[in-house]
Amino acid sequence: MRGAVIHAPGDVRFETLDDPKILQPTDAIIRTALTCVCGSDLWPWRGLEPTDEAHPMGHEYVGFVEEVGSEVTSVRPGQFVVGSFATSDNTCANCRNGFQSNCLHREFMSSCQAEYVRIPHAQGTLVATATVPDEGYWPGLLAVSDVMGTGWWAADAAEVKPGSTAVVVGDGAVGLCGVIAAKERGAERIIAMSRHASRQKLAREFGATDIVTERGEEGVARIKDLTGGIGADSVLECVGTAQAMRQALHSARPGGNVGFVGVPHEVALDGQELFFSHVGLRGGPAPVRRYLPELIDGVLSGRIEPGKVFDLTLPLEQVAEGYRAMDERRAVKALLRP
């Protein structure tokens with residue numbers, strides 16, 4: 001098969017790889033229908049995460065089951081499936097508590113920008129649709145496998161409630177999906193922090209009521225102006241930088257909550273400051289599997305359209321251009337068709 005391999009910062013190649021095989025009775029093999037480039041893939045592309053040796057890339061996927069191991073009964077060959085970037089058996093204590101991305105047998109997917117993918121713990125990781133969806137729904141279902149599930153987790157972790165005010169820090173695909181999530185969870189006011197006109201437009205389409213273009217402490221001051229000097233009930237931190245985390249914490253009101261889902265890079269918290277802020281903080285890898293049934297239904301019913309975050313479509317063989325376009329902010333998110 002063919003798939004994406006990163007060799008060094010800025011060097012992603014489309015190469016011939018070994019076909020995946022069933023290695024454990026809990027595995028499944030899927031033929032990828034769609035995959036994509038994630039904002040977190042840009043960390044190694046930019047050299048901000050080390051690439052010690054060449055390795056496959058990608059953790060978002062939807063596709064058709066080709067083969068299953070002997071212990072997999074929840075899906076069968078021919079079915080269209082959606083999964084999570086983090087595998088889970090969906091039976092351990094952490095899974096039963098709703099944190100499947102901290103499954104005791106978790107593996108992080110890392111080879112999905114390819115024509116075929118092996119899915120460990122398929123029984124608990126994959127969810128099949130009742131029938132093969134129309135292709136028009138595939139981008140939305142692909143978004144559910146990570147960015148929509150992560151945006152939903154950000155809103156859940158930040159405890160967005162009906163009638164509340166929510167701030168979304170970050171206007172990438174996760175932040176935009178966070179706007180969808182905040183609206184679905186009933187926020188009355190949704191403030192999107194964005195400097196890019198095309199992303200602002202999409203944020204408003206998804207439900208944002210206000211746009212703040214300032215960043216850092218200027219952005220915090222603007223949030224305070226919009227909230228009577230107090231701050232927001234809920235803040236969704238969808239970037240992962242030190243500046244974004246400070247901005248999120250300072251934008252929340254005393255007693256408010258921050259949900260942080262951007263993979264942290266050089267983020268450090270001041271314990272004294274957090275202590276006296278009375279701000280709640282929760283985050284981590286999104287437990288996407290918890291939300292899959294609800295979000296799949298939301299896409300297939302037309303209630304939510306997270307597939308709109310894909311504003312560049314490329315053949316899988318042009319995966320490197322997808323990285324370049326996102327790195328240069330020419331695209332929010334690149335969709336890849338095998």
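Up top you'll find the structure we're talking about.
Residues numbered from 1 in each chain as written. Predicted model: local features only at pLDDT ≥ 70, side-chain atom pairs only at ≥ 80, totals over all residues. Heavy atoms only, no water.

Q: Help me out: how do you make sense of the overall build of the chain in this one?
A: Helix and strand counts for the chain stand at 12 helices and 16 strands. Relative to the 2.2 N^0.38 estimate, which gives 20 Å for 338 residues, the radius of gyration of the chain is 19 Å and therefore close to what a compact globule would have. For the chain, the C-alpha atoms occupy an extent of roughly 60 × 40 × 40 Å along the three principal directions. Across the 338 residues of the chain, 54% fall into the buried class. Taking all contacts inside the chain whose residues are at least 6 apart in sequence as the whole, residues at least 24 apart take part in 67%. On the chain, roughly 14300 Å² of surface is accessible, and the fraction owed to carbon and sulfur atoms is 48%. Each charge class in the chain was averaged separately, 32 positive and 43 negative side chains, and the resulting centres sit 4 Å apart. (Helix = DSSP H or I, 4+ residues; strand = E, 2+ residues; numbered from the N terminus. Rg over C-alpha atoms; globule rule 2.2 N^0.38 Å. Buried < 20%, exposed > 50% of the residue type's maximum accessible area, 1.4 Å probe, protein only. Contact = heavy atoms within 4.5 Å. Areas by Shrake-Rupley, 256 points an atom, 1.4 Å probe, with all protein chains shown as cover. Lys, Arg positive; Asp, Glu negative; His and termini not counted. Charge placed at Lys NZ, Arg CZ, Asp CG, Glu CD.)

Q: Would you take a moment to explain the environment of valine 309 for this structure?
A: Residue placement: valine 309 occurs in the loop between helix H11 (288-300) and strand S15 (312-315). What makes valine 309 buried here is its relative accessible area of 0%. Separated by 107 residues in sequence, valine 309 and leucine 202 place their C-alpha atoms 8.1 Å apart.

Q: Sorry if this is basic, but what is going on with the packing of helix H5 (residues 147-157) against helix H6 (residues 173-184) here?
A: Working note: a packed helix pair is described by the angle between its axes plus the distance between those axes. Where H5 meets H6, the axes come as close as 7 Å, and the angle between the chain directions of the two elements is 55°. Comparing their axes, H6 and H5 come out oblique. Between H5 and H6 lies a crossing of right-handed hand. From H5, Val147, Met148, Thr150, Gly151, Trp152 and Ala155 reach across to H6, where they touch Ala173, Val174, Cys177, Gly178, Ile180, Ala181, Ala182 and Glu184. By residue class, the composition of the contact of H5 with H6 is 10 nonpolar, 3 polar and 1 charged. (Axes fitted to C-alpha atoms, helices over the stretch in contact; angles between N-to-C directions. Parallel < 35°, antiparallel > 145°, perpendicular 65-115°, else oblique. Left-handed = near helix turned anticlockwise from the far one by under 90°. Nonpolar A, V, L, I, M, F, W, Y, C, P; charged D, E, K, R; others polar.)

Q: I'm lost on the sheet that holds strand S11 (residues 210-212) in this one. Help?
A: Backbone-to-backbone hydrogen bonds join strands into a sheet, with any given pair of strands oriented parallel or antiparallel. Strand order in the open sheet formed by 6 strands is S11-S10-S9-S12-S13-S14, and the pairing between neighbours is parallel. Two strands in the sheet have a free side with no partner beyond their single neighbour: S11 and strand S14 (280-283). Between one strand axis and the next, the sheet turns by 20° as a mean value, whatever way the strands run. Relative to strand S12 (residues 232-237), strand S9 (residues 165-169) runs parallel, the two sharing 4 bridges. Bridge pairing links valine 168 to leucine 236 in S12. Against the sheet, helix H9 (residues 242-251) engages S9, strand S10 (189-193), S12, strand S13 (252-260) and S14, with an angle of about 145° to S13. (Pairing = 2+ DSSP bridges.)

Q: Please explain the pattern of salt bridges as it appears in this structure.
A: Two side chains with opposite charge may pair up if their charged atoms get near one another. The full count for this structure, using the stated rule, is 19 salt bridges. For the salt bridge of arginine 253 with aspartate 233, the shortest nitrogen-to-oxygen distance reads 2.6 Å. Pair noted here: arginine 253 is in strand S13 and aspartate 233 is in strand S12, with a separation of 20 residues, a long-range link. For arginine 253, a relative accessible area of 27% puts it in the partly exposed group. (Salt bridge = Lys/Arg side-chain N within 4 Å of Asp/Glu carboxyl O.)

Q: Would you mind going over the nonpolar core with me for this structure?
A: Within the largest apolar cluster, 57 residues are counted, with the highest numbers of intra-cluster contacts made by Val62, Phe80, Val82, Val144, Met148 and Leu236. Per-element accounting of this core gives the leading share, 8 residues, to H6. (Core = buried A, V, L, I, M, F, W, Y, C linked by side-chain atoms within 4.5 Å.)

Q: Where do I start with the side chain of serine 234 in this structure?
A: Its place among the elements puts serine 234 in strand S12. On the basis of relative accessibility, which here comes to 1%, the residue serine 234 falls in the buried class. There is a polar contact of 3.4 Å between the side chain of serine 234 and the backbone oxygen of glutamate 159. Excluding residues that lie within four positions of it along the chain, serine 234 makes contacts with Ala158, Glu159, Val160, Thr165, Ala166, Val167 and Asn257. (Polar contact = N/O pair within 3.5 Å; in protein donor to acceptor, adjacent residues only side chain to side chain.)

Q: So what exactly am I meant to see when it comes to the sheet that holds strand S2 (residues 11-16) here?
A: Spatial ordering of the open sheet is given by S2-S1-S4, a layout of 3 strands whose pairing is antiparallel. The sheet terminates laterally at S2 and strand S4 (55-56), the two strands that pair on one side only. Two elements, strand S1 (residues 2-8) and S4, share 2 bridges in a ladder whose sense is antiparallel. Among the inter-strand pairings, valine 5 is bridged to a residue of S4, identified as proline 56.

Q: I would appreciate a short explanation of the pairing of S14 in the present structure.
A: Walk down a regular strand and you will see the side chains alternate between the two sheet faces. For S13 and S14, the ladder comprises 4 bridges, and the chain directions are parallel. Residue pairing in the sheet places phenylalanine 260 in a bridge with glycine 283 of S14.

Q: Explain the layout of surface pockets to me, please; I cannot follow it from the model alone.
A: One simple way to see leftover space: roll a probe sized like a water molecule over the atoms. Quantified by volume, the second largest pocket comes out at close to 250 Å³. Lining the second largest pocket are 19 residues, and of these Met109, Ser110, Ser111, Val117 and Arg118 sit closest to its centre. When residues of the lining of the second largest pocket are traced back to their parent elements, those giving at least two are S1 and strand S7 (116-119). When its residues are assigned to classes, the lining of the second largest pocket shows 12 nonpolar, 4 polar and 3 charged. (1 Å grid on protein atoms, 1.4 Å probe; cavity = no way out; pocket = protein on both sides within 12 Å on 5 of 7 lines; lining within 4 Å. Points joined across faces, edges and corners; volume = space filled by probe spheres on them.)

Q: Hey, could you run me through the pairing of S13 in this one?
A: The pairing of S12 with S13 spans 5 bridges and is classified as parallel. Considered in S13, the bridge of leucine 236 is made with glycine 259. In this view, the connection linking S12 to its parallel neighbour S13 by way of H9 has right-handed handedness. Between S13 and its parallel partner S14, the chain crosses via helix H10 (residues 271-277), and the hand of that crossover is right-handed. (Right-handed = clockwise from strand over helix to strand, strands pointing away.)

Without other data, these values stay purely geometric and don't point to any function.
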